[in-house]
Structure formats: C-alpha cells, structure tokens
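Fold and geometry: a report
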Amino acid sequence: MKKILVTGADGMLGTDLVRHLRKGPHIVLATTIRSLDITDRDQVRRVLLSRRPGVVIHTAAYTAVDRAETERELCMAVNHEGTKNIALSCREIGAELIYISTDYVFDGKKRTPYVETDTPRPINVYGESKWLGEEAVRTLVERHKICRSSWLIGLHGVGGMNFVEKILHAASAGNVLRVVDDQIGRPTFTFDFALLLERVMGLHERGIFHLTNTGECSWYDLARCVLEMSGRSDVEIVPVSSAEYPAAARRPANSLLNSPRLESLGISPLRHWREALRDYFIRRKKSGKKD
Ligand SMILES: NC(=O)c1ccc[n+]([C@@H]2O[C@H](COP(=O)([O-])OP(=O)(O)OC[C@H]3O[C@@H](n4cnc5c(N)ncnc54)[C@H](OP(=O)(O)O)[C@@H]3O)[C@@H](O)[C@H]2O)c1
C-alpha cells in the first residue's frame with residue numbers, strides 16, 4: 001500500500017487516475033489548484049511536509065497549447081517553475097515523483113516512433129515548458145519516473161472537452177468538418193493510461209517511460225472513426241494539411257511514442273486505440289453525457 005498525492009486531481013487525466021487508484025489499497029490524496037497551487041512554493045512545501053506522501057503523481061499542468069504561445073510566462077510558471085517546486089519538496093521529504101509528460105517534447109521530424117532514449121527538441125512553448133519540467137524532475141529528484149503520453153482523451157475534467165467531444169459537437173452543429181491529416185499519433189484513453197501508470201508505479205526502475213494505447217492514426221482518421229462509431233457517418237469530413245488549418249502553436253507531425261523499455265520489463269502494451277474508443281462510447285453513454 002502506498003500513500004499517493006496527486007496534483008491536478010480534477011483535470012481530465014487526474015480525475016480518472018484518482019478514481020482508479022482509489023479502487024486499490026492505496027491512500028490517495030487528491031489535490032487541485034484550490035488546495036495545492038503548484039506555483040506557490042511555500043504552499044507546496046507546507047502541504048507536502050504535512051501530508052508526507054510516499055509517491056507524488058504530478059499531473060497538474062498548463063495545457064492550453066495554442067494560448068501558451070502568447071502566455072509564455074504563465075505556461076512556464078506552471079509547467080517549469082511549478083514542477084520545480086514539486087520536485088524540491090519531494091526531494092526534501094524523500095518521496096518518489098512521477099511526472100506526467102508529453103509527446104510534444106519532440107519535434108516530430110523522426111520517421112519512426114520515438115523511444116525513451118530519443119532527444120527532445122520541442123517546437124512550441126508548451127512542449128518546451130514540459131521538457132523543462134522533465135529536466136527539473138530528472139536533476140532534482142533521484143527517485144523519479146517521467147511518464148510521457150500522447151493525444152489524451154478522457155470523459156472527465158474541467159469543461160469535459162476533448163477531441164472526441166469536439167468532433168461530436170461540430171457534427172451536431174451541422175458543420176462540414178475539416179480535420180488535419182498530416183499529424184500522426186496514438187490516441188490514449190485516460191482510463192487505460194491509469195491502469196498502466198499503476199503498474200509502472202510499482203516498478204523499481206527510474207527514468208523515462210512511454211505510456212500510450214497502441215495503433216496509430218491521424219486526427220482525420222480518428223475523427224472519421226468517432227463519426228462512424230457514433231452513427232454519424234453522414235457528416236461531411238474533409239482532410240486538410242496543418243498548413244491549411246492554421247493554429248498558433250506548431251505541432252509535431254510524428255507524435256508516435258513506442259515503449260521498448262516497458263516491453264523489456266515484460267509489461268504488456270495497452271489495447272488498440274479503436275477498442276478503447278469503443279469503450280469510451282460505452283462509458284459516455286453510462287455517464288449520461290449529451291452530444
Ligand atoms: N491532453 C493531452 O493530450 C496530453 C497529452 C500528453 C500529456 N499530457 C499531460 O498530461 C497531464 C494531464 O493533462 P490533462 O489533459 O488531463 O490536462 P487538464 O485537463 O488541463 O488538467 C490539468 C489540471 O492542472 C490544473 N492546474 C493548472 N494550473 C495549476 C496550478 N498552478 N496548480 C495546480 N493545478 C493546476 C488544472 O486546473 P484548472 O483547470 O483549474 O486550471 C487542471 O485540473 C498534463 O501534465 C499534460 O501535460 C496531456
């Protein structure tokens with residue numbers, strides 16, 4: 001049994017993670033920005049010293065990828081300085097730190113999937129801030145794990161929006177959908193990620209791990225599958241290039257993360273993203289979520 005403190009517990013990932021961990025034998029301390037603002041170094045220190053978790057799972061982050069291009073200071077304050085605050089207090093109390101990171105630390109120019117030993121080269125402010133967060137964790141806390149994932153999709157969290165919900169919403173609004181076809185990745189469902197993270201948490205090994213569902217697709221492929229599975233194949237959908245879909249932040253063309261390290265440790269990979277998407281729709285129906 002472990003005493004685990006989770007930051008960002010009301011976020012999309014944090015919500016599913018806390019729900020999953022609470023089914024096990026662990027004591028789970030769920031914190032949100034209201035009880036633990038990671039940019040407040042004194043508060044971080046006070047909370048960690050008084051609660052004394054054995055493990056901190058740090059999911060809290062500034063995640064507005066496009067807005068980060070104009071809110072660089074805020075993004076860095078949360079993802080770099082905030083992570084540094086968490087790392088310093090973990091070091092002080094001897095807690096293990098599990099940091100959730102992203103495919104966006106890479107530039108996407110590699111022709112094959114990224115592995116744990118590849119060198120990050122972020123191409124947007126958010127990616128840079130998460131990479132600096134990784135560096136803070138790596139240099140400040142000996143007992144650490146950096147768990148990168150990609151294209152996260154979950155039912156819960158503030159606002160309840162994710163790529164699947166955006167597609168369903170646009171389909172209901174009767175819009176012709178224009179979806180990017182030249183960025184490929186691995187959609188990863190937060191309820192599956194939570195299962196794998198718990199297994200990784202039990203490992204003695206430290207360092208970087210890649211945790212994603214399997215299979216690969218473009219955003220366009222994913223959107224088409226969402227329409228098919230939701231019975232909306234009638235909706236017109238057009239593939240477009242990233243250049244035709246201007247966004248403030250550049251995004252990696254290749255976001256595929258492989259995990260030879262987990263394979264070598266005998267940990268079986270997560271299911272294919274299509275299967276997880278089917279499960280998402282079942283869970284969505286049960287939760288009573290509307291289009
Ligand atoms: N979404 C993806 O596709 C993706 C992919 C790979 C990795 N990741 C990583 O996975 C983690 C979870 O992402 P997510 O998509 O679940 O994000 P999310 O839904 O935006 O959740 C992030 C949480 O962090 C909280 N937060 C923001 N500033 C904070 C602060 N100063 N102190 C404490 N909490 C703060 C947010 O609270 P408020 O909402 O109240 O601000 C929110 O609850 C992040 O570390 C992210 O970088 C995400």
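Our subject is the structure that appears above.
As the structure is a prediction and not an experimental result, all values here were calculated from the model.

Now for the environment of Cys-147. Its place among the elements puts Cys-147 in strand β5 (residues 144–149). Overall, the presence of 21 C-beta atoms within 10 Å leaves Cys-147 in the buried class. As a C-alpha pair, Cys-147 and Tyr-99 span 48 residues in sequence and 6.0 Å in three-dimensional space. In this view, Cys-147 contacts Ile-98, Tyr-99, Ile-100, Ser-101, Leu-197, Val-200, Phe-209 and Leu-211; residues no more than four positions away in its chain are not counted.

On the basis of which strands lie adjacent, the open sheet formed by 6 strands has the order β2-β1-β3-β4-β5-β10 and parallel pairing. Each edge of the open sheet is held by one strand with a lone partner, namely β2 (27–30) and β10 (207–210). On average, each strand axis in the sheet is tilted by 20 degrees relative to the strand beside it, whichever way the strands run. Bridge count between β5 and β10: 4 bridges; the pairing is parallel. If you follow Cys-147 over to β10, its bridge partner there is Phe-209. The sheet strands contacting helix α1 (residues 12–21) are β1 (3–7), β2, β3 (55–58) and β4 (96–102), and the helix crosses β1 at an angle near 165 degrees.

What surrounds the ligand is a group of 28 residues, the closest being Gly-8, Gly-11, Met-12, Ala-60 and Ala-61. The set of elements that each furnish at least two residues to the shell around the ligand consists of α1, α3 (72–93) and β4. With 3 residues, α1 is the single largest residue contributor to the shell around the ligand. Partitioning the shell around the ligand into residue classes produces 13 nonpolar, 12 polar and 3 charged.

Cut-offs used in this document
Residues numbered from 1 in each chain as written. Predicted model: local features only at pLDDT ≥ 70, side-chain atom pairs only at ≥ 80, totals over all residues. Helix = DSSP H or I, 4+ residues; strand = E, 2+ residues; numbered from the N terminus. Buried ≥ 20, exposed ≤ 12 C-beta atoms within 10 Å, placed from the backbone. Contact = placed C-beta atoms within 7 Å. Pairing = 2+ DSSP bridges. Axes fitted to C-alpha atoms, helices over the stretch in contact; angles between N-to-C directions. Near = placed C-beta within 6 Å. Nonpolar A, V, L, I, M, F, W, Y, C, P; charged D, E, K, R; others polar.

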